[in-house]
Amino acid sequence: MEKDKLIFDIIEREHQRQKKGIELIASENFVSDDVMRAMGSCLTNKYAEGYPGHRYYGGCQVVDEAETIAIERLKKLFGAEWANVQPHSGAQANMAVFMAVLKPGDKFMGLNLSHGGHLSHGSPVNFSGLVFQPVEYNVTRDTNLIDYDMMEEVARRERPKLIVGGASAYSREWDYARIRKIADEIGAIFMFDMAHPAGLIAAGLLDNPVKYAHIVTSTTHKTLRGPRGGVIMMGKDFDNPWGKTTPKGVIRKMSSLLDSAVFPGVQGGPLEHVIAAKAVAFGEALQPEFRTYQQQVKTNAAAMAQAFLDKGYQIASGGTDNHCILLDLRSKFPELTGKLAEKALVDADITANKYMVPFDSRSPFLTSGIRLGTPAITTRGAKEPLMGEIVEMIDTVLHNPENDAVIKSVREKVNAIMAGYPMFAW
Ligand SMILES: Cc1ncc(COP(=O)(O)O)c(C=O)c1O
């Protein structure tokens, strides 16, 4: 029996919330019992500053094995030549790359945050925008697809040292070869942050940025279905991504620059319990069942997008190639903010988050969109027919965002449905 009843009661209430509701946050998932057990293991007790075989603490011989397995499995999963599994989060992974390839004040280019980019790709309130100098590219107004012509034009004009690809709310495939070409033309490093679609990429259902980018970062907890955390990888360019244009004074290999940027650059001791859980998750992702799961994630997202389109909803970019849908509420509900839509849905035990749509006139606190994703609900076993039912329920809530009786009846339906979709045993 746990001694801290207060906290363990809270954990149980959160467990019930997760079990009873429909989880549609695009960046969330439900990890397996084994991933959970590894995270809750005695490895949390161990200090292991440094890397396997080169630690600043004694007694690391056992955790060295887990970290080495995590690295090897990750490399195999994405066909990488080199990997670092220590970043505590996706933002930490990105910060380490920035530290390795830029100096304070250097210029880099990332996707406009209000067009789906991430905070760590140049927000003025994040290290990326505070310490470095961001310039941005957009999606186009008519297609909402990445504006590669603009990327090229800004790259030629501004000559950023780093080009960052990747997004938090972009539901289409990327043209990695085109970005690499732009980067090569101006002698920039191309980093791709695949945090969102990593699981689909691991399963071979989307193209793999490791084949094109100099450096690839990711989180491990979204579609990849591991513990919360980050990773960094390199493919063919791991030795000297600058080629003949190596900046003066840079003599070390990029892989050791990145290792040093993670530790001691931006982090202290690695979370060896989380690294062991990453190893477990990567092992799961190497199994054939993982591909079946990711295929269903994609199929479910496509089915959900179609059901919304059939009801006259507008979706940014008109649909999805991955796990994510950005619902643009402006045409169907001009008065409804993402903020109110999110609250009404959460009250109905359907969890999603408000999101800015491209060229949104509302602020990030209000927004005109809702971001939806299928990774978590698919882990619960959901298939296409449930996507239709979910869209019906969301539609009912969005037509009645302040009607308590309607919301209550949807919530009861949600809870009844989810009782038939088991979670992992924990
Ligand atoms: C594209 C992208 N990169 C990085 C991150 C940051 O990950 P974390 O929250 O683990 O720092 C996110 C998180 O949503 C993301 O969407």
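Please read these numbers as outputs of a predicted model, since none were measured by experiment.

Observations concerning the overall build of the protein chain
Counting secondary structure elements, the protein chain contains 15 helices and 15 strands. Relative to its length of 426 residues, the protein chain is compact, with a C-alpha radius of gyration of 22 Å against a globular reference of 22 Å. If you line up the protein chain on its principal axes, its C-alpha atoms span 65 × 60 × 40 Å. Taking the contacts inside the protein chain whose residues are at least 6 apart along the sequence as the reference set, 72% of them involve residues at least 24 apart. Carbon and sulfur atoms make up 54% of the accessible area of the protein chain, which amounts to about 18,200 Å² in all. Seen as two clouds, the 48 positive and the 50 negative side-chain charges of the protein chain have centres 2 Å apart.

Brief notes about the pairing of strand β10 (residues 230-234)
Of all five residues that make up β10, five are buried, and the element is covered over most of its length. Neither face of β10 is left uncovered, since the one carrying Gly 230, Ile 232 and Met 234 and the one carrying Val 231 and Met 233 both have all their residues buried. As judged from the three bridges shared by strand β4 (residues 82-84) and β10, these two strands associate in the antiparallel manner. Of the residues in β10, the one forming a bridge with Trp 82 is Met 234. The pairing of strand β9 (residues 215-219) with β10 spans four bridges and is classified as antiparallel. Bridge pairing in β10 links Val 216 to Met 233.

What to know about the pattern of salt bridges
This model, assessed by the stated rule, comprises 23 salt bridges. Residue Asp 9 is joined to Lys 5 by a salt bridge in which the shortest nitrogen-to-oxygen separation is 2.6 Å. In this pair, Asp 9 and Lys 5 both sit in helix α1 (residues 5-20), four residues apart, roughly one turn of the helix. Look at Asp 9 and you get partly exposed, because its relative accessible area is 36%. Linking Glu 72 and Lys 75 is a salt bridge whose minimum nitrogen-to-oxygen distance equals 3.3 Å. Taken together, the residues span about one helical turn, with Glu 72 and Lys 75 both in helix α3 (residues 61-78) at a distance of three residues. Judged by relative accessible area, Glu 72 falls into the partly exposed class, the value being 41%.

What to know about the site of the ligand
By nearness alone, 13 residues border the ligand, and Gly 90, Ala 91, Ser 168, Asp 193 and Lys 222 come closest of all. Asp 193 places a side-chain nitrogen or oxygen 2.5 Å from a nitrogen atom of the ligand. Between an oxygen atom of the ligand and a side-chain N or O atom of Lys 222, the distance comes to 3.1 Å. Looking at the shell around the ligand, the element that brings in the most residues is helix α4 (residues 90-101), giving three residues. Here the shell around the ligand is built from residues that sort into three nonpolar, eight polar and two charged.

Some words on the side chain of Thr 374
Its location among the elements puts Thr 374 in the loop between β15 (369-373) and α13 (375-379). Apart from residues lying up to four places away in sequence, Thr 374 is in contact with Val 297, Asn 300, Ala 301, Met 304, His 323 and Met 387.

Considerations on the domain arrangement of the protein chain
Accessible area lost upon the coming together of the parts serves often as the stated size of an interface. Partitioning the protein chain into structural domains gives domain 1 (33-285) and domain 2 (296-418). The C-alpha-based centres of domain 1 and domain 2 are spaced at 29 Å. In this assembly, 21 residues from domain 1 lie in contact with 19 residues from domain 2. Both faces considered, domain 1 and domain 2 share a buried interface measuring about 1,800 Å² in area, 57% of it formed by carbon and sulfur atoms. Seen at the junction of domain 1 and domain 2, the total is one salt bridge. For the salt bridge of Asp 321 with Arg 172, the shortest nitrogen-to-oxygen distance reads 2.9 Å. In this assembly, domain 1 and domain 2 are joined by twelve residue pairs in polar contact (both at pLDDT 80 or more).

Some words on the nonpolar core
Counting 51 residues, the largest nonpolar core has Phe 78, Ile 146, Ile 163, Trp 174, Leu 224 and Met 233 as its most contacted members. Apart from the residues within four sequence positions on either side, Leu 224 is in contact with Leu 77, Phe 78, Ala 198, Gly 199, Ala 202, Thr 219, Phe 282, Ala 285 and Phe 290. Ala 344, Leu 345, Leu 372 and Ile 394 belong to the second-largest nonpolar core, a separate cluster that totals 36 residues.

Thoughts on helix α6 (residues 148-158)
Within α6, the full set of buried residues consists of Tyr 148, Met 151, Glu 152, Val 154 and Ala 155. Against β5 (107-111), β6 (133-137), β7 (162-165) and α7 (176-186) lie the buried residues of α6. Downstream of α6 by one or two residues, Arg 159 has phi in the positive range, about 45 degrees.

Some remarks on unusual backbone geometry
The omega torsion across Phe 263 and Pro 264 is 10 degrees, close enough to zero to call that bond cis. Tracing the backbone shows Pro 264 in helix α9 (residues 254-266). Unlike most non-glycine residues, Phe 359 shows phi in positive territory, near 60 degrees. The topology assignment puts Phe 359 in the loop between β14 (353-355) and β15. On the accessibility criterion, Phe 359 (26% relative accessible area) is partly exposed.

What counts and how
- Residues numbered from 1 in each chain as written.
- Predicted model: local features only at pLDDT ≥ 70, side-chain atom pairs only at ≥ 80, totals over all residues.
- Heavy atoms only, no water.
- Helix = DSSP H or I, 4+ residues; strand = E, 2+ residues; numbered from the N terminus.
- Rg over C-alpha atoms; globule rule 2.2 N^0.38 Å.
- Contact = heavy atoms within 4.5 Å.
- Areas by Shrake-Rupley, 256 points an atom, 1.4 Å probe, with all protein chains shown as cover.
- Lys, Arg positive; Asp, Glu negative; His and termini not counted.
- Charge placed at Lys NZ, Arg CZ, Asp CG, Glu CD.
- Buried < 20%, exposed > 50% of the residue type's maximum accessible area, 1.4 Å probe, protein only.
- Pairing = 2+ DSSP bridges.
- Salt bridge = Lys/Arg side-chain N within 4 Å of Asp/Glu carboxyl O.
- Near = heavy atom within 4 Å.
- Polar contact = N/O pair within 3.5 Å; in protein donor to acceptor, adjacent residues only side chain to side chain.
- Nonpolar A, V, L, I, M, F, W, Y, C, P; charged D, E, K, R; others polar.
- Domains from an automatic or database assignment.
- Buried area = accessible area lost by both parts, 1.4 Å probe.
- Core = buried A, V, L, I, M, F, W, Y, C linked by side-chain atoms within 4.5 Å.

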